[in-house]
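Residue strings, one per chain:
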Amino acid sequence: MENKKKMAFNVVFLILVFAGTIYGVFHGEDLGEIARILKTVNLLWLIPGFICVIVFIWGESIIIYYMMRTLGIKRKKWTCFLFSSVGFSLVCITPSASGGQPAQIYYMKKEKIPIPVSTLVLMIVTITYKLVLVVIGVVVTFFGQGFIHKYLYDVRYVFYLGTGLNVFCVVTMLILVFHPVLARTILVKGMALLERMHLMKGSSPGLTGSMLHGSVPGNGSVSEESCKVLVNVFGITLFQRFALFTATWFVYKAFGLSGQSAWLIILLQSTISVSVDMLPLPGGMGISEKLFLVIFAPIFGTGLLLPGMILSRGLGYYTELLVSAVLTIVANF
């Protein structure tokens, strides 16, 4: 019953956010003119953009396949691709991308993969996935103030918030995986603080300890081989994430535009991901569109800005959602 209520809430919330996004983006706009501009797009440039989306989904499946084999569990690459697709289909429609990992664990269990193994693999995937954004956010914040003032000045606080939230998330997960003793200490003291503030009912220390012991994974040991695996996973994730960011550059070329470097457009798109990744909106819907219209205004110009946003989000979010949803249906059979 609880799962059905949560699912119903997520569906209603998704519909409301989608409706609000559509209204906010197209209210007062000349839809006929937008359609006319979109008809002039060179579709050949959108094909590699679509391939970038597939590579993005495929990249996580390669990580899952690689880590599973490292842990002695052999599954086909196609099966891992379905695991990845299930995750992305739920990530795209749940607030803060919270629905992906539980669904993946469920499907992995059906393939007789132990829950502790799937949990560890997906936690590492999530850490490296967000670590790429952390690296981008921190580097731009500390070494790209000129870039921020030129392109992100009006949305800089959203960018700083996104960077801070991602840093907090990655640090927390790293502690959980690699320093479980410290994690338990923090959780125990945090629960004690909540009890003193009367925000949580008191419980026996033994019960609290046993609960936390079961909730924090790992033994904190990190071997040289483990470090090598993590470095390899981070490298694959870096390629995976930048593949998706590159789709916006193909959209730029599809309009016949030139004069801006691919790296600039890719970096601008990455700052949007940094800003919205941790916000409680399904797929960053609404805020992603708004940030695109602000950040890419000098890149696409007034006339092509909205059509550019439609194609960029169409590839980077809606195509990803559609492809992963179709593959999730395949996974059910």
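Q: Quick one: what's the story with the overall build of the chain, residue by residue and with numbers?
A: In terms of regular secondary structure, the chain is built from 14 helices and zero strands. The buried share among the 333 residues of the chain stands at 43%.

Q: Residues and numbers for the environment of Ala243, please.
A: Among the secondary structure elements, Ala243 is positioned in helix H11 (residues 224–254). Residues Ala243 and Ile57, 186 residues apart in the sequence, show an inter-C-alpha distance of 9.9 Å. If sequence neighbours within four positions are ignored, Ala243 has contacts with Cys52 and Val55.

Q: Go over the pattern of salt bridges, please, and point to the residues and values.
A: Under the definition given, this model contains three salt bridges. The salt bridge involving Glu33 is made with Arg36; its shortest N-O contact spans 2.7 Å. Linking Glu33 with Arg36, this pair stays in helix H2 (residues 31–39), spanning three residues, or about one helical turn. Overall, the relative accessible area of 32% leaves Glu33 in the partly exposed class. Two residues, Arg313 and Glu289, come together in a salt bridge whose shortest N-O distance is 2.9 Å. Of this pair, Arg313 sits in helix H14 (residues 297–332) while Glu289 sits in helix H13 (residues 287–295), placing them 24 residues apart in sequence. Look at Glu289 and you get buried, because its relative accessible area is 3%.

Q: Can you tell me about the side chain of Glu320, naming the residues and giving the values?
A: Take Glu320: it is sitting in helix H14. Arg313 is the oppositely charged side chain nearest to the buried, salt-bridge-free Glu320, at an N-O distance of 7.4 Å. In contact with Glu320, other than residues within four places in its own chain, are Val53, Phe56, Ile57, Phe88, Cys92, Leu244 and Leu315.

Q: Could you give an account of unusual backbone geometry, naming the residues involved and the relevant values?
A: Backbone geometry places Lys112, a non-glycine residue, at a positive phi of 65°. Of note, Lys112 is situated in the loop between helix H5 (100–110) and helix H6 (115–143).

Q: Tell me about the layout of surface pockets, and please be specific about residues and values.
A: The volume enclosed by the largest pocket comes to roughly 710 Å³. Going through the elements one at a time, helix H3 (46–70), helix H4 (77–91), H5, H6, H11, helix H12 (262–276) and H14 are the ones with two or more residues in the lining of the largest pocket. Residues belonging to the lining of the largest pocket are distributed by class as follows: 17 nonpolar, 16 polar and six charged.

Q: Now, about a nonpolar patch on the surface: what can you tell me, with residues and values included?
A: Taken together, Leu44, Ile47, Phe50 and Ile51 make up a surface patch of nonpolar side chains, about 400 Å² in accessible area. A relative accessible area of 47% means that Ile47 is categorised as partly exposed.

Q: Break down the packing of H12 against H13 for me, with residues and values.
A: For the pair H12 and H13, interaxial distance at closest approach is 10 Å and the crossing angle is 145°. Considering only the axes of H12 and H13, their crossing is right-handed. Packed against H12, whose contacting residues are Leu268, Gln269, Thr271, Ile272, Ser275 and Val276, the element H13 presents Ile287, Ser288, Leu291, Phe292 and Ile295 at the interface. Looking at the contact of H12 with H13 residue by residue, the classes come out as seven nonpolar, four polar and no charged.

Q: Any details on H13? Residues and values, ideally.
A: Turning to H13, its buried residues number three or more, namely Ser288, Glu289, Leu291, Phe292 and Ile295. Along the long axis of H13, the arc covered by the buried residues comes to 165°, so they all point the same way.

Criteria and cut-off values
- Residues numbered from 1 in each chain as written.
- Predicted model: local features only at pLDDT ≥ 70, side-chain atom pairs only at ≥ 80, totals over all residues.
- Heavy atoms only, no water.
- Helix = DSSP H or I, 4+ residues; strand = E, 2+ residues; numbered from the N terminus.
- Buried < 20%, exposed > 50% of the residue type's maximum accessible area, 1.4 Å probe, protein only.
- Contact = heavy atoms within 4.5 Å.
- Salt bridge = Lys/Arg side-chain N within 4 Å of Asp/Glu carboxyl O.
- Lys, Arg positive; Asp, Glu negative; His and termini not counted.
- 1 Å grid on protein atoms, 1.4 Å probe; cavity = no way out; pocket = protein on both sides within 12 Å on 5 of 7 lines; lining within 4 Å.
- Points joined across faces, edges and corners; volume = space filled by probe spheres on them.
- Nonpolar A, V, L, I, M, F, W, Y, C, P; charged D, E, K, R; others polar.
- Patch = residues over 30% accessible without salt bridge, like charges linked within 9 Å, V, L, I, M, F, W, Y side chains within 5 Å.
- Areas by Shrake-Rupley, 256 points an atom, 1.4 Å probe, with all protein chains shown as cover.
- Axes fitted to C-alpha atoms, helices over the stretch in contact; angles between N-to-C directions.
- Left-handed = near helix turned anticlockwise from the far one by under 90°.
- Arc of directions from axis to C-beta.

Read these as geometric descriptors, not functional statements.
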